[in-house]
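So you can see what is in the structure, the chains are spelled out below.
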Amino acid sequence: WAVLVQSARVAGLGTGDVVQIFRNEPMPTTLVGQVTAASPTVGFGGKALILKGGEQLVFTGSGLTATGTISVNAEGIMVPETDIYKLLT
């Protein structure tokens, strides 16, 4: 499967908390976005973030001050990887 990721959200962050979003592994070269309590949603715009089979989003945060539940979700369009061209048209 291939997924065109359109947006990602993190709810329940404390003031000053930052969660970074990476493709596959948390490295500076794989950073695709970040969210904060003040800006909890990131949009990837158009066709900017396509995950192919075996790829995934990784969400990381350190020193978070949130005291309740933190929830993470993303929205996208999924097609069989052989039909990835449908995401690009």
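Read on for an overview of the structure. As the structure is a prediction and not an experimental result, all values here were calculated from the model.

### Describing the overall build of the chain
Next up, step 1: Within the chain, the regular secondary structure consists of one helix and seven strands.
Next up, step 2: Order of helices (α) and strands (β) in the chain, N terminus to C terminus: β-β-β-β-β-β-β-α.
Next up, step 3: Dimensions along the principal axes, computed over C-alpha positions, put the chain at roughly 45 × 20 × 20 Å.
Next up, step 4: Looking at the chain residue by residue over its 89 residues, the buried ones come to 27%.
Next up, step 5: A separation threshold of at least 6 residues defines the contact pool for the chain, and within that pool the share at least 24 residues apart is 74%.
Next up, step 6: Surface exposure of the chain reaches about 5,300 Å², of which carbon and sulfur atoms provide 54%.
Next up, step 7: Looking at the chain, you have 5 positive and 6 negative side-chain charges, and the mean spots of the two groups are 9 Å apart.

### Some details on unusual backbone geometry
Next up, step 1: Despite not being glycine, N24 shows a phi value in the positive range, around 70°.
Next up, step 2: Here N24 lies in the loop between strand 2 (18-23) and strand 3 (31-36).
Next up, step 3: Look at N24 and you get partly exposed, because its relative accessible area is 31%.

### Observations concerning the sheet that holds strand 2
Hydrogen bonding along the main chain pairs the strands of a sheet, whether they run parallel or antiparallel.
Next up, step 1: One open sheet accounts for three strands, arranged 3-2-6; its pairing is antiparallel. With partners counted over all chains shown, the strands left at the sheet margins are strand 3 and strand 6 (57-60), one partner each. Direction aside, neighbouring strands of the sheet carry axes that sit 20° apart on average.

Procedures and definitions
- Residues numbered from 1 in each chain as written.
- Predicted model: local features only at pLDDT ≥ 70, side-chain atom pairs only at ≥ 80, totals over all residues.
- Heavy atoms only, no water.
- Helix = DSSP H or I, 4+ residues; strand = E, 2+ residues; numbered from the N terminus.
- Buried < 20%, exposed > 50% of the residue type's maximum accessible area, 1.4 Å probe, protein only.
- Contact = heavy atoms within 4.5 Å.
- Areas by Shrake-Rupley, 256 points an atom, 1.4 Å probe, with all protein chains shown as cover.
- Lys, Arg positive; Asp, Glu negative; His and termini not counted.
- Charge placed at Lys NZ, Arg CZ, Asp CG, Glu CD.
- Pairing = 2+ DSSP bridges.
- Axes fitted to C-alpha atoms, helices over the stretch in contact; angles between N-to-C directions.

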